[in-house]
Amino acid sequence: MKSKITAVLCEGPHDVFFLSKLLKSINFKKCEEIKLKDFPQPMDQFLISEAQKSNVQDVNLTEVRQALLPHTVLKKIDSDVYFFLYALGGDSRSDLRNRILTTFVDATPKPGELTEIFNDSSLSVAYFLDADDMGIPTRIDELNKELKAIFGDIEPIDENGKVIEHHGIGIGGYIFAEEGKETGRLENIIIPMMRIDNEVIFDNATIYIDSHFDKSRVKKGNFKKDKSIISVAGQLQRSGSSNNVVIDHSDYITKPKIDSHPRCQEIVDFFSKLI
């Protein structure tokens, strides 16, 4: 049976931890114990090649930082379905997204080619981006331009959560937005979920932020109120934890919440199209 491999290309680690939570809700588990050489082809060689950039004495720091490794990998229980989740450092990192996509293109058979690698795995790439203020349609247009620059003749992704097939590779895109709106970010999904049954905690976390925020003390303009609220609320359960850990391990996002949340179920449906 073919292994099914999907590279999930995210803006940052918050996306990775949130999407991991959704995948766990549909019978996936992390497989960090698997050695690189034991992952299905062609991911085994790709991961080994990238990891060697951190192990070879002659590389410089810039080359080490350019190693393109997934933040986490999840495998469907009792199945050869894998999701490799990457945190790529923002929506501007089209260079890294293109590197992963072209690696998959190179590993996909051209007409008339048959190899053991191609028989062993089917490949997909999933893009996750924030709508931000530009909105879902504009963000999808930008993604289509990015794909067109690589393929030229590719069918456009014309709606949120659509998956197309091009030259044997599944390609899909999902844009995070606030419920009922065309704009927004992942946090506009996460915080309303976390607030359910925890309203007092999040109200007081908001009051604390509002009472003590001082714009003059913000470093390099790097302040996002919603991220700070998640962090403050998270300290009640795991002291000193980053937001990534709060999203992954706190009980603010539960399976019943995921199962009843429209945006979460849209994403779960999107994942099912890639399997």
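Reference entry: report on the structure contained in this document.

Cut-offs used in this document
Residues numbered from 1 in each chain as written. Predicted model: local features only at pLDDT ≥ 70, side-chain atom pairs only at ≥ 80, totals over all residues. Heavy atoms only, no water. Phe/Tyr/Trp six-rings, centres within 6.5 Å; stacked < 30°, edge-to-face > 60°. Helix = DSSP H or I, 4+ residues; strand = E, 2+ residues; numbered from the N terminus. Buried < 20%, exposed > 50% of the residue type's maximum accessible area, 1.4 Å probe, protein only. Axes fitted to C-alpha atoms, helices over the stretch in contact; angles between N-to-C directions. Parallel < 35°, antiparallel > 145°, perpendicular 65-115°, else oblique. Left-handed = near helix turned anticlockwise from the far one by under 90°. Contact = heavy atoms within 4.5 Å. Nonpolar A, V, L, I, M, F, W, Y, C, P; charged D, E, K, R; others polar. Core = buried A, V, L, I, M, F, W, Y, C linked by side-chain atoms within 4.5 Å. Polar contact = N/O pair within 3.5 Å; in protein donor to acceptor, adjacent residues only side chain to side chain. Pairing = 2+ DSSP bridges. Expected span 1.5 Å × (residues − 1).

Let's shift gears to the packing of aromatic side chains. For the structure shown, the criterion picks out 14 aromatic pairs. With a centroid separation of 6.2 Å and an interplanar angle of 40 degrees, the aromatic rings of Tyr 174 and Phe 270 are classed as tilted. Separated by 96 residues along the polypeptide, Tyr 174 in strand β7 (residues 169–176) and Phe 270 in helix α12 (residues 262–274) bring together distant segments of the chain. Across this residue pair, the class does not change: Tyr 174 and Phe 270 are buried. The structure contains a cluster of three or more aromatic residues connected by ring pairs, namely Phe 28, Phe 83, Phe 128, Tyr 174, Phe 176, Phe 270 and Phe 271.

Moving on to the packing of helix α4 (residues 94–106) against helix α6 (residues 136–151). One way to put it is that α4 packs onto α6 with a least axis distance of 11 Å and a crossing angle of 45 degrees. Between α4 and α6, the angle falls in the class oblique. Like other packed secondary-structure pairs, α4 and α6 cross with a definite hand, here right-handed. Residue-level contacts link Ser 94, Arg 97, Asn 98, Leu 101, Thr 102 and Val 105 of α4 to Glu 146, Leu 147, Ile 150 and Phe 151 of α6. When grouped by side-chain class, the residues that make up the contact of α4 with α6 number five nonpolar, three polar and two charged.

Turning next to the nonpolar core. If you look at the biggest cluster of nonpolar residues, it comprises 39 residues, and the most contacted ones within it are Phe 18, Leu 19, Phe 83, Phe 128, Met 194, Ile 267 and Phe 271. Looking at this core, the element that brings in the most residues is helix α1 (residues 13–24), giving six residues. Aside from chain neighbours lying at most four places away, what touches Phe 18 is Leu 186, Ile 189, Ile 190, Met 193, Ile 247, Ile 253, Cys 264 and Ile 267. Core analysis: the next-biggest nonpolar cluster, separate from the first, contains 36 residues, Cys 31, Leu 123, Ile 136 and Ile 171 among them.

Looking now at the environment of Asp 132. Tracing the backbone shows Asp 132 in the loop between β5 (121–130) and α6. Owing to a relative accessible area of 23%, Asp 132 belongs among the partly exposed residues under this scheme. Along the backbone, Asp 132 and Tyr 208 are 76 residues apart, and their C-alpha atoms lie at a distance of 26 Å. Sequence-distant contacts of Asp 132, that is, excluding residues within four places in its chain, are made with Asp 91, Arg 139, Thr 183, Gly 184 and Arg 185. For Asp 132, the side chain forms a polar contact with the side chain of Arg 139, separated by 2.8 Å.

Our focus in this paragraph is the pairing of strand β3 (residues 72–76). Counting buried residues along β3, four of its five residues qualify, which places the element largely inside the surrounding structure. Alignment of strand β2 (residues 28–30) against β3, held across three bridges, turns out to be antiparallel. Its bridge partner being in β3, Lys 30 is matched across the sheet by Leu 74. Remark: four residues form the turn of the hairpin made by β3 and strand β4 (residues 81–87), two consecutive strands paired antiparallel; Asp 78 in that turn has positive phi of roughly 60 degrees.

Examined against the element boundaries, Gly 135 turns out to sit in the loop between β5 and α6. With 49 residues separating them in the primary sequence, Gly 135 and Gly 184 have C-alpha atoms 7.5 Å apart. Here Gly 135 is in contact with Glu 182 and Thr 183, once residues within four sequence places are set aside.

Let's shift gears to α1. Across its 12 residues, α1 extends 16 Å between first and last C-alpha, which sits within 8% of the 16 Å expected from 1.5 Å per residue. Counting buried positions over the 12 residues of α1 gives 10, a clear majority of the element. By the burial criterion, the buried members of α1 are His 14, Asp 15, Val 16, Phe 17, Phe 18, Leu 19, Ser 20, Lys 21, Leu 22 and Leu 23.

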